[in-house]
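Chain by chain, the residues:
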Amino acid sequence: MRLIGDNVEQGIYSFQQAMKIADDLNLDLVEIAATANPPVCRVVDYQKFLYAQKKKQKEAKANQKKQEVKEIRFGPQTDDHDYNFKLKHAQEFLKEGNKVKAYVFFRGRSIVFKEQGELLLARFAADLEEFGKPENVPNLEGKRMIMFLSPKSQK
């Protein structure tokens, strides 16, 4: 096996020789690459090795950005003031990097006004064009007409 480590002369050793070197230094022999030819082992303190790996994973997880889906609900006859208020919220959501699920909820006989819902969502997508782009065209699912908007990549 190939032996590497801090206080070790790198080279190819037998398993018994590698174990003896690790025992002399009061360290552990850890297999790094089993599929390599010959296999690669490192002489290291195993607890410190595990601690360093966990720390790297934790840092990588902390640097990830979670993307949430924020919902905005409209009625088919939503007034301009309410529309602008919800538009402002959607702009903030998209700036933060979240997806926006905009939907028009039809109650009772208001399902007759499907065209108004389509126009409302199309206008919504057009007004948010500089902040995000629609993932799909508005489609009707039961009593809801749904459209998703994803944020534009910030460079």
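Here the residue index of a chain counts from 1 through its sequence in written order. Only residues with pLDDT of at least 70 are given local features in this predicted model, and only at 80 or more are side-chain atom pairs given and counted; all residues enter the totals for whole chains, interfaces and linings. Just so you know, side-chain values use all the structure's heavy atoms and leave hydrogens and water out.

Undergrad: Got a minute to help me understand unusual backbone geometry in this structure?
TA: Generally, phi is negative for residues other than glycine and the peptide bonds are trans, each holding for most cases. Cis rather than trans, the peptide bond between asparagine 37 and proline 38 has omega equal to -5°. Turning to its location among the elements, proline 38 is positioned in the loop between strand 3 (28–33) and strand 4 (40–44). Even without being glycine, asparagine 26 reaches a positive phi, approximately 55°. Mapped onto the elements, asparagine 26 comes out in the loop between helix 1 (15–24) and strand 3. A run of H or I in DSSP counts as a helix once it spans at least four residues, and a run of E counts as a strand once it spans at least two, with each numbered from the N terminus.

Undergrad: Whenever I open this one, the layout of surface pockets confuses me. Can you help?
TA: Left-over empty space is what a probe sized like a water molecule reveals as it rolls over the atoms. Cavities and pockets are defined on a 1 Å grid built over the protein atoms alone: a cavity is a set of grid points where a 1.4 Å probe fits but cannot escape, while a pocket is an open set with protein on both sides within 12 Å along at least five of seven lines, and lining residues are those with an atom within 4 Å of any such point. Grid points are joined across faces, edges and corners, and a volume is the space filled by probe spheres set on the points. There is about 210 Å³ of room inside the largest pocket. For the largest pocket, the full set of lining residues is Gly5, Asp6, Asn7, Val8, Leu25, Leu27, Arg42, Val43, Val44, Asp45, Lys48 and Phe49. Of all the secondary-structure elements, those providing two or more residues to the lining of the largest pocket are strand 4 and helix 2 (46–63). In terms of residue count, strand 4 provides more of the lining of the largest pocket than any other element does, three residues in total.

Undergrad: For this particular structure, what's the right way to read the packing of aromatic side chains?
TA: Geometrically, a pair of aromatic rings is defined through the distance of the ring centres and the angle of the planes. In this analysis, rings of Phe, Tyr and Trp, with Trp reduced to its six-membered ring, are considered paired at centre separations within 6.5 Å, and the interplanar angle assigns stacked below 30 degrees, edge-to-face beyond 60, and tilted for intermediate values. Taken as a whole, this structure holds four aromatic pairs when the rule is applied. Ring centres 6.1 Å apart and planes at 75° place the aromatic pair tyrosine 83 and phenylalanine 124 in the edge-to-face group. With tyrosine 83 in helix 3 (residues 80–95) and phenylalanine 124 in helix 4 (residues 114–127), this pair connects stretches of sequence that are 41 residues apart. Burial classes follow relative accessibility: with a 1.4 Å probe on protein chains only, a residue under 20% of its type's maximum area counts as buried, one over 50% as exposed, and anything between as partly exposed. You can call tyrosine 83 buried: its relative accessible area is 0%. Taken together through their ring pairs, the aromatic side chains of Phe74, Tyr83 and Phe124 make up a single cluster. Just above the ring of phenylalanine 105 sits the side chain of arginine 73; from NZ or CZ to the centre is 4.6 Å. Throughout this description, the term charge over a ring refers to an Arg CZ or Lys NZ atom that lies within 6 Å of the ring centre and within 35 degrees of the ring normal. Its end group placed over the ring of tyrosine 83, arginine 123 keeps NZ or CZ at 3.8 Å from the ring centre.

Undergrad: What exactly am I supposed to notice about the pattern of salt bridges here?
TA: Oppositely charged side chains can form a pair if their charged atoms are brought close together. Counted as salt bridges are all cases of a side-chain nitrogen of Lys or Arg within 4 Å of a carboxyl oxygen of Asp or Glu. What the rule picks out here adds up to five salt bridges. Glutamate 68 is the salt-bridge partner of lysine 70, the closest N and O atoms lying 3.6 Å from each other. Residue classification places lysine 70 among the partly exposed residues on the basis of a relative accessible area of 24%. Note on glutamate 68: relative accessible area 42%, which makes it partly exposed. Lysine 99 is the salt-bridge partner of glutamate 135, the closest N and O atoms lying 3.0 Å from each other. With glutamate 135 in the loop between strand 7 (132–134) and strand 8 (139–141) and lysine 99 in strand 6 (residues 99–105), the pair connects residues that are 36 residues apart, well separated along the chain.

Undergrad: For this particular structure, what's the right way to read the nonpolar core?
TA: A general trend in soluble globular proteins is that nonpolar side chains are found buried together. Ranked by size, the top nonpolar core spans 20 residues in total, and within it Phe74, Val100, Phe124 and Leu128 carry the most contacts. Those elements that place two or more of their residues in this core are strand 5 (69–74), helix 3, strand 6, helix 4 and strand 9 (144–151). By residue number, the principal contributor to this core is helix 3, which donates five residues. The contact definition used throughout considers only heavy atoms, calling two residues in contact when any of these lie within 4.5 Å. In contact with phenylalanine 74, other than residues within four places in its own chain, are Tyr83, Lys86, Ala102, Tyr103, Val104, Phe105, Leu120, Leu121 and Phe124. Joining through side-chain atoms within 4.5 Å is the link that ties buried Ala, Val, Leu, Ile, Met, Phe, Trp, Tyr and Cys residues into a set, and such a set is a nonpolar core.

Undergrad: It is not clear to me how the side chain of lysine 101 should be interpreted in this structure. Could you clarify?
TA: Among the secondary structure elements, lysine 101 is positioned in strand 6. In this view, lysine 101 contacts Val69, Lys70, Glu71, Ile72, Arg144, Ile146, Met147 and Phe148; residues no more than four positions away in its chain are not counted.

Undergrad: Could you clarify how one ought to interpret the pairing of strand 3 in this entry?
TA: For two strands to pair, DSSP has to find at least two bridges joining them. In this structure, strand 3 lies alongside strand 4, joined through five bridges in antiparallel fashion. Within strand 4, the position partnered with aspartate 28 by the bridge is valine 44. In this antiparallel pair of consecutive strands, strand 3 and strand 4, the connection spans six residues.

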